[in-house]
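Each chain, written out:
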Amino acid sequence: MFTTGSKLFVGATVLSTVGAIVFGASVGGPTGLLGTIGLISVAIAFGFLAGINFFTRDGNVSAMEPAAELNSAAAQPPVGRSMWPLVTAVGVGGMAIGAVSKPVVFKVSVILVLAAAVEWMIQGWSERASSDRAYNDSLRKRLLHPLEFPILASVIAALVIYSFSRIMLTIDKDAGRWVFIIIGAVITTIGFVFAAKRGMSKGTAGGIVAIGLLALVGVGVASAVSGQRPIEEHPGITTAVCLGTASEAEIEEVDAKASQTVAAKSNVLANVYLDDTDHLFALNGGIGHVEYQEITVPRSTTVHVLFHNDSAEPRRLTVHLGTFPAADGSAGSEIADCTTAVEEGGEAFLTFRLDKSQDASSTPYRLTVPGVEGQEIKLLVP
Amino acid sequence: MAIIERPSAVPATVGGAAAPELVTPSRALGVFARPVQSTGWKSWLFTVDHKKLGIMYGAVSLFFFLVGGIEALLIRLQLAAPDNTVLSAGLYNEMFTMHATTMVFLFVMPMAAAFANYFLPLQIGARDVAFPRINALGFWLFLFGGIFLNTSWFLGGAADGGWFMYSPNSSALFSPSHGIDFWVLGLQITGIASLVGAINLIVTVLNMRAPGMKLMHMPVFTWMVLVVQFLLLFAMPVITVALFLLSFQRNFGATFFDVNQGADPLLWQHLFWIFGHPEVYIIILPSFGIISEVLPTFARKPLFGYKFVVFSGAAIGFVGWGVWAHHMFASGLGPVSVAVFSVATMLIAIPTGVKIVNWTLTLWGGKLLFSTAMLFAIGVIVLFTIGGLSGVTHAVAPSDTQQTDTYHIVAHFHYVIVGGAVMGLFAGFYFWWPKMFGQMLDERLGKWNFWLMFFGVNLTFAPMHILGMQGQPRRMVVWPEKLTGDGFFDLAFWNKIASVGAFVIAAGVLIFVINIFVTAKRKVKAPLDPWDARTLEWITASPPKEHNFDRIPTVHALDEFFHRKYEEVDTEAGARLVKVKTAEEILAEEEANADHHIHLPSPSYWPIVLALALPIIAYGVIFNLLLSVVGTALVILAIFGWCLEPSVADDSDYDPPAGGDSTKELATLG
Amino acid sequence: MDRSDKTVTTLGDMPSPRRRWTRAALVGLGLVLAGCAKDAPQDYFQPKGPNAQKIDDLQRPVFYIAAIVGVIVIGVVGYIVFKFKDRGQDIPEQSHGNPKLEIALTILPAIILAGIAVPTVITVFDLDKKDDTECIINVTGQQWWWEYDYATGECGGVEISQPIVTSGELVIPVDTPVLLRITSRDVIHSYWIPALNGKRDAVPGRLHTLRMQADEAGLYTGQCTEFCGLSHARMRQAAVALDQADFQSWVDNQLEPYVAPEADTLASTGEGTFIANCSKCHQVNGIANADGTPVLSDPDLYVVSGVAPNLTNLLTRTAIAGWTFDIVTEECRTKLWETKGEGFGELYLQGVTPECFDEVALREWLRNPPGMKPMFADATNLESTGGKYRGMPNLNLTEDQIDQLIAFLIERK
């Protein structure tokens, strides 16, 4: 019934289960919990091993097939070379180093040891699976390739993406685009060469790819160590900027990176023009022949206005979004939004939405151009 | 279950000086061995046989056809009278959404897949499809996806956004029930089915044709299926992306279509219709293929202008990608886009017209036999012409701004889909039933079936032209009496007629279902070649053997089977076509020269397991992400099982075991 | 012969060709006759303005061509079915086609379609013109009603000094090209007055234009035609065309200052009830609290779409709640709908007169709005919308309050 080996593990399972119960019952607190969980885990592990041992009958094939004494896999000489002892050793060493230096080294080493253990185990098992070496090899592949390929592919992809992103974050913004172009060109060229030279050996191709990968990862690691470049931050458009009450420097910075082109020109409620005599007027979207000094805006609707600056100065269009009592009962302050400064002949979009009727605001809704006096377009919100 | 294979039965050499013989296990490694049953329920559950899968596709689609039909009847009941209260507004919206979704995704598409699966390998002289397990996966995904989609009825209500699911009405703010989540995820699952099926059939057609079968020797049905698979291949990714965007917007707070975040809701419309218009051709082309088989058979002459029909099918496939915005003429695209799409839409009428003309000319000068299949095929010509012509009126963009979203459109596409696609599928049922089951569907009931459906379609959908022109919009739960007018164009009258018509169609379908049972009960064996047919599928037994052909036929001509039966004989009155061989003789010849080594794939457990995992993930996305984790684990398990299972099942594992000198070796692919 | 021929004899009779002919003729006749209908109000073959007329000029010939082609094809099929029935003739020659004939039959439809394409493209651009329009009205859709904002400025010769907000009935001057600027506050809707022009979708974040012009004074009904959720069927509208003098009177009336109800009447109690219960969302322009401060609505705080119909001149309109439920008697409605041209303006400007007023719908609506028109307006739906209603909730008004409100509202014209 029970084989010798499984008896040992069954015993160990029972023992650790009893241990878990005793420990859990006698020692309280977090230590007790931890110890109990540990012992239960041990019990489960032993139970699992007992099951396997029982299932494989201690790996004793001869019990069922006497002939196996001679021609079973176990009777064959071992295959020989294996990289897994070395990898395991490196992993264990790494764990030791990691334990005293960086946790990340420790974690990577643990993963390495686990991976090596799985690989070693299955390889070891497969080498004994039958007496046909080629078959054994194919067996290992069938079991492990479905694991190895996706995991390796993900790891390599992650490495490439991580390294590349570190590089791009480290180097200068302008250099970045060249690096991008060059790496892309190199990869494309190598791809072409591979495609053209069909006779190329697997080793050569693999070598080139490996070197490229190593170089990328190397530079990536170096970049990660040296840290990111400082990321520029631009102040956003604020009411203060729109009303001209912000500092000169802040306003300048807002406008520094402004785009002067507009892609979408449809769907506008109105086109607002500042002409060369600093006269501000609106053409309602649709009717191009009547100049308006007031625009009716439907309430609670997102609307777009397209601002055209035909004056000599850079100008912005500001929309005054009203003044409402604050939550504490005070009068509140005026809200505004605006475009960035638009050069002569430039255009900019201004999108806004007015949720309250004009009577609810203590200041009128209107469009103005800061710096141009006496010009405004009323916004009527019934 | 064994992770270690059993040792070989090779006797050991004991005590000899010679090195022990190498032993290769007789049984391959696997978590499970491959299932081997060829009878019983397991043979269906784990099958990879394209014919069994085809039959299951058909049965399930037919079931969903009845479900969608009941939904349609409820809709027509609600609309039979003004301000009616059969359905509530919410339920009505769910009903028309699910009616369209069910009919398109769970009936017409998979029913076409049923015929494609069953007959495409037979028509090109192959023993199975290229990837049999993927084929099985496709079916199970369709089934589980369809069931998943319909469970929404019982879990808080079905989708209520219309099958076009326009944003932002489909966002969680405007449709707070889980219906749309079910819809999105259900369509993702059935979408995978369509996509893998498409790849499978394309590879099959391109690589597995019998010797001598050039592309231009392929039957038109196979051609049309090939075109459809290419359409699917490119269209399904688009809808998949769109559905993912919607899914992320509804479930994970993304803002792809949120206007307040600067998005444009028209993005959804473009994505949907770039898929949605090719979808129309995905629906109709298989049916075109079927009637292109049926008409020549019963006219006793080859398809008129085979090349024109094939190329116009391909042309429809190409131009079909350039007309999607004609669903959006009122969306505010601007005059340039509208003009371009308007003209492109008119262009597509040309290849479609070519087909009608060629079918008509196929009949011209023929020797017409009016079997039920033939009646349905002629019905398609008539009804599709009406639908196509009203389509031309929609192509005229300014008039379309009047017609769109009225019942005129409903009339148009139902003439196309019911009159074109569904009637074509029925032609296929009657034509191929003896091949699939070895029994003839009753022709008398068939005639009833045809006339009721033909009459019903006209009774239901012809009045809808009038309803539309009188300004009755679609998707309205009620129509008010004050807008009906009176006299000949009384909307109330025509709505009633349309509702009556819907029940006439239902009666026709019911007769078909009865016919199936009557036929099955009668157990009369059909003749081997009841229609004097023309293509390869008829060269083998009915129903075909598991391996399709005893000998892979060598093809010499289009309509190979016909040319094996008939030869031109000179007589005094000039050359005459004379039957030189019967189907039985040809079959006997094939059987006598059977291939010795027949290569057939084994069944597999994993397609159904993998397919089952996806709805679990989907339920998880809706109710609790932990369930998704379980589903994902099952997916990974199933994929590994799929990879690890033996490519070869042992001969002795077969039930009954493969005997004689033929072995059942297994294809490693798929 | 083999078994296949035996099968043939069991196939039954062919259908009577006459039946097929009759049906073909009927379908064709139906198509043609539909063009001559006069009855249903939303028949789109009855253009009442130049834009719809352009469409009609285009669609009629296309319909006729389609009908003729249809009759020919079905006729030919019918003939073939009759002529080539299996009467025991020889198996025909296995001919694979006739390329010349096929090319000819490909080119023929191409020519017909080209003939349709040219006027189509011309009309598309024609209908998109905006510069010649003389009046701008902003049309905004929301679940489930239409709001109209009249921009200040000239509208067909009439000066609009203050913005006008109304809903349901779009009032436009006759013979004046009007430009609607259509958008939406929530989901996509579509604005359609079949007698005046085709549809245009109202898409949130986009502003679409649609020309409107009526040849004759009158009321033209329409319907939202893009599926917009639960009460899509109950989102209707009408365009009302008035000649210039009448339009002037209408504008004047809309802009008349608010007159509070006489003190100590039911209506004046109703004013208080309105302020207490309705004014959170509904605006009546000029209405003031007892202390003289204006009462301003804040629908953006309570409604998903951010607005509720402006009720300043409610009784100038003949239907409520998405122009679905009539507040006039059937007789008055029929008269109003059927009067065109002369006399219409006078009739319309009377608004809802006491003789015509039918309070059933209004009363029922005040009693329980979601019961009349399905909306997501009960408290159970507030979670998904962040505490805002979609549509009008049941305010649990007492019958007395309803009486007061009706008395108050009946004066809003």
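Below you will find a few notes about this structure. One numbering rule holds for all chains: residues counted from 1, following each sequence as written. For naming, the first written chain is A and the first written ligand is 1, with later ones following in the order written. For a predicted model such as this one, the threshold for reporting local features is a pLDDT of at least 70, and the threshold for listing and counting side-chain atom pairs is 80 or more; totals across whole chains, interfaces and linings nevertheless cover every residue. To obtain the side-chain values, all non-hydrogen atoms of the structure were included, while hydrogens and water were left out.

## Focus on the state of the cysteines
What is meant by a disulfide is a covalent connection between two cysteines, made through their sulfur atoms.
Residues and elements named next belong to chain C.
Phase 1: When two cysteine sulfur atoms are found within 2.5 Å, that pair is recorded as a disulfide. If you walk through the whole model with that rule in mind, you get two disulfides over all chains.
Phase 2: The disulfide partner of C135 is C155, and the S-S distance across this bridge is 1.9 Å. The disulfide joining C135 to C155 has a torsion of about -90 degrees about its S-S bond and is therefore left-handed. Within this pair, whereas C135 is found in strand β1 (residues 135-142), its partner C155 is found in strand β3 (residues 153-155), the two being separated by 20 residues in sequence.
Phase 3: Only protein chains enter the accessibility calculation, which uses a 1.4 Å probe; a residue whose area is less than 20% of its type maximum is buried, one above 50% is exposed, and one in between is partly exposed. For C135, a relative accessible area of 1% corresponds to the buried category. Helix and strand assignments follow DSSP, with helices taken as H or I runs no shorter than four residues and strands as E runs no shorter than two, numbered in order from the N terminus.

## Some points on the interface of chain C and chain A
Phase 1: In what follows, residue pairs with any heavy atoms lying within 4.5 Å of each other are defined as contacts. Across the contact, 34 residues belong to chain C and 25 residues belong to chain A.
Phase 2: Each partner contributes to the roughly 2200 Å² buried at the junction of chain C and chain A, and carbon and sulfur atoms together form 50% of this total.
Phase 3: The salt bridge definition used is simple: a Lys or Arg side-chain nitrogen within 4 Å of an Asp or Glu carboxyl oxygen. At the boundary of chain C with chain A, the tally comes to two salt bridges.
Phase 4: In protein, a polar contact means a hydrogen-donor-capable atom and an acceptor-capable atom, both N or O and within 3.5 Å, with residues adjacent in sequence counting only if both atoms are side-chain atoms; elsewhere, any N or O pair within 3.5 Å suffices. For the pair chain C and chain A, the number of links is eleven residue pairs in polar contact (both at pLDDT 80 or more).
Phase 5: Each residue receives one of three labels: charged for Asp, Glu, Lys and Arg, nonpolar for Ala, Val, Leu, Ile, Met, Phe, Trp, Tyr, Cys and Pro, and polar for the others, Gly being one of them. Of the residues contributing to the side of chain C that touches chain A, the split by class is twelve nonpolar, 13 polar and nine charged. Buried area adds together the accessible area that both of two parts lose upon being put together, with accessible area traced by a 1.4 Å probe.

## Examining the packing of aromatic side chains
Each aromatic ring pair is characterised by the separation of its centres together with the angle its planes make.
All names here are of chain B.
Phase 1: Note on aromatic pairs: the rings of Phe, Tyr and Trp (six-membered ring only in Trp) are paired at centre separations within 6.5 Å, and the planes decide the class, stacked below 30 degrees, edge-to-face beyond 60, tilted for the rest. In the structure shown here, the tally under the stated rule is 72 aromatic pairs over all chains.
Phase 2: Judged by centre distance (5.1 Å) and plane angle (40 degrees), the rings of F148 and F182 are tilted. With F148 in helix α4 (residues 132-151) and F182 in helix α5 (residues 179-207), the pair connects residues that are 34 residues apart, well separated along the chain. Like F148, the residue F182 is buried in the burial classification.
Phase 3: Where W163 meets W273, the ring centres are 6.0 Å apart and the plane angle is 80 degrees; that geometry is what we call edge-to-face. Of this pair, W163 sits in the loop between α4 and α5 while W273 sits in helix α7 (residues 266-299), placing them 110 residues apart in sequence. A single burial state applies to W163 and to W273, both of which are buried.

## With respect to the side chain of C:S297
Phase 1: Looking at the secondary structure, you find C:S297 in the loop between α6 (266-277) and α7 (299-302).
Phase 2: Its relative accessible area of 3% is what places C:S297 among the buried residues.
Phase 3: The contact partners of C:S297, leaving out residues within four places of it in the chain, are A:R299, C:S279, C:K280, C:C281, C:H282 and C:Q283.

## A word on empty space enclosed by the protein
Residue and element names in this part refer to chain B.
Phase 1: Whether a set of points on the 1 Å grid over the protein atoms alone is a cavity depends on a 1.4 Å probe fitting there but being unable to get out, while an open set qualifies as a pocket with protein on both sides within 12 Å along at least five of seven lines; lining residues are those with an atom within 4 Å of a point. Grid points are joined across faces, edges and corners, and a volume is the space filled by probe spheres set on the points. All told, the structure shown has 16 cavities of 30 Å³ or more when counted by the stated rule.
Phase 2: The volume enclosed by the largest cavity comes to roughly 300 Å³.
Phase 3: Along the walls of the largest cavity sit 23 residues, with M109, P110, A113, S194 and L232 positioned nearest its centre.
Phase 4: Grouping the constituent residues of the lining of the largest cavity by class yields 16 nonpolar, seven polar and no charged.

## Examining the nonpolar core
Phase 1: Residues belong to a common nonpolar core when they are buried Ala, Val, Leu, Ile, Met, Phe, Trp, Tyr or Cys residues joined through side-chain atoms within 4.5 Å. Core analysis: the biggest nonpolar cluster contains 302 residues, and B:L285, C:I137, C:Y150, C:L180 and C:Y191 have the highest contact counts within it.
Phase 2: Here the element with the most residues in this core is helix α3 (residues 89-123) of chain B; it accounts for 21 residues.
Phase 3: Once residues lying within four places of it in the same chain are set aside, the contact partners of C:I137 are C:Y148, C:D149, C:Y150, C:L170, C:V171, C:I172, C:V178, C:L179, C:L180 and C:R181.
Phase 4: Among the nonpolar cores identified, the runner-up in size contains 28 residues, and A:L269, A:V272, A:L280 and A:Y365 belong to it.

## What to know about the pattern of salt bridges
Residues and elements named next belong to chain C.
Phase 1: In the structure shown here, the tally under the stated rule is 40 salt bridges over all chains.
Phase 2: Its salt-bridge partner being D403, residue R363 comes within 2.6 Å of it at the nearest N-O pair. With R363 in helix α10 (residues 360-367) and D403 in helix α13 (residues 399-409), this pair connects stretches of sequence that are 40 residues apart.
Phase 3: In this structure R363 comes out as buried when scored by relative accessible area, which is 16%.
Phase 4: The exposure class of D403 is partly exposed, given its relative accessible area of 29%.
Phase 5: Several salt bridges converge on common partners, so that one network encompasses E359, R363, E364, R367, E399 and D403.

## Re the packing of helix α17 (residues 606-622) of chain B against helix α18 (residues 625-644) of chain B
Residue and element names in this part refer to chain B.
Phase 1: Axis definition: a line fitted to C-alpha atoms, limited for helices to the stretch in contact. Angles are taken between N-to-C directions and run from 0 to 180 degrees. Viewed as axis vectors pointing N to C, α17 and α18 meet at an angle of 165 degrees, and their least axial separation amounts to 7 Å. As far as their axial angle goes, α18 and α17 are roughly antiparallel. Considering only the axes of α17 and α18, their crossing is left-handed. Counted together, W606, P607, V609, L610, A613, L614, I616, I617, Y619, G620 and V621 of α17 and L625, L627, S628, G631, T632, L634, V635, L637, A638, I639, G641 and W642 of α18 form the full contact between these two elements.
Phase 2: Within the contact of α17 with α18, the residues separate by chemical class into 18 nonpolar, five polar and no charged. Note that the term roughly parallel is reserved for angles under 35 degrees, roughly antiparallel for angles over 145, roughly perpendicular for angles of 65 to 115, and oblique for everything else. In this scheme the crossing of two helices becomes right-handed for a clockwise turn of the near helix relative to the far one and left-handed for an anticlockwise turn of less than a right angle.

## What to know about a nonpolar patch on the surface
Residues and elements named next belong to chain A.
Phase 1: Patch membership is restricted to residues that have no salt bridge and whose relative accessible area is over 30%. Joining uses 9 Å for like charges and 5 Å for the nonpolar side chains Val, Leu, Ile, Met, Phe, Trp and Tyr. Computed with a 1.4 Å probe, the accessible areas rest on the Shrake-Rupley method; for each residue, only the protein chains presented here act as cover. On the surface, W178, I181, I182, V186, I190 and I208 cluster together to form a nonpolar patch covering roughly 550 Å² of accessible area.
Phase 2: Top contributing element to the nonpolar patch by residue count: helix α7 (residues 173-196), with five residues.
Phase 3: One can find V186 in helix α7.
Phase 4: Assessed through its relative accessible area of 42%, V186 is described here as partly exposed.

## Some remarks on helix α5 (residues 103-127) of chain A
Along an α-helix, a turn takes 3.6 residues, which lines up residues three or four apart on a common side.
Residues and elements named next belong to chain A.
Phase 1: Multiplying 1.5 Å by the residue count of a helix minus one yields the expected span of that helix. When the terminal C-alpha atoms of α5 are compared, their 36 Å separation across 25 residues agrees well with the 36 Å that a helix rising 1.5 Å per residue should span.
Phase 2: Taken together, the buried positions of α5 are S109, V113, A116, E119, I122, Q123, S126 and E127.
Phase 3: As for α5, its buried residues are in contact with α4 (84-100) and α6 (133-170).

## Points about the interface of chain B and chain C
Phase 1: If you look at the interface, chain B gives 120 residues, while chain C gives 113 residues.
Phase 2: Applying the counting criterion to the chain B and chain C interface returns three salt bridges.
Phase 3: Salt-bridge contacts for B:K482 lead to C:D326; the nearest nitrogen and oxygen are separated by 3.0 Å.
Phase 4: Residue assignment for the side of chain B that touches chain C shows that the elements contributing at least two residues are α3, α7, α8 (306-319), α9 (335-363), α10 (372-395), α11 (397-403), α13 (443-469) and β2 (574-579) of chain B.

## Some points on unusual backbone geometry
Phase 1: Cis rather than trans, the peptide bond between B:S167 and B:P168 has omega equal to 0 degrees.
Phase 2: Within the chain, C:A321 stands out as a residue other than glycine whose phi angle is a positive 55 degrees.
Phase 3: Tracing the sequence through the fold places C:A321 in the loop between β13 (319-320) and β14 (325-326).
Phase 4: Despite not being glycine, C:W323 has its phi angle at roughly 50 degrees, a positive value.
Phase 5: Assessed through its relative accessible area of 4%, C:W323 is described here as buried.

## Topic: the sheet that holds strand β4 (residues 294-296) of chain A
Each strand in a sheet pairs with another by means of backbone hydrogen bonds, the pair being arranged parallel or else antiparallel.
Residue and element names in this part refer to chain A.
Phase 1: We treat two strands as partners when DSSP finds at least two bridges between them. As summarised here, the arrangement of the five strands in space is β4-β10-β9-β6-β7, forming an open sheet in which the pairing is mixed. Edge positions in the sheet fall to β4 and β7 (334-338), since each of these pairs with one other strand and no more. On average, each strand axis in the sheet is inclined to that of its neighbour by 25 degrees, with strand direction left out of account.
Phase 2: Relative to β7, strand β6 (residues 318-323) is paired through four bridges, and the arrangement is antiparallel. The residue of β7 that forms the bridge with H320 is A336.

All we've got here are geometric facts, nothing functional implied.
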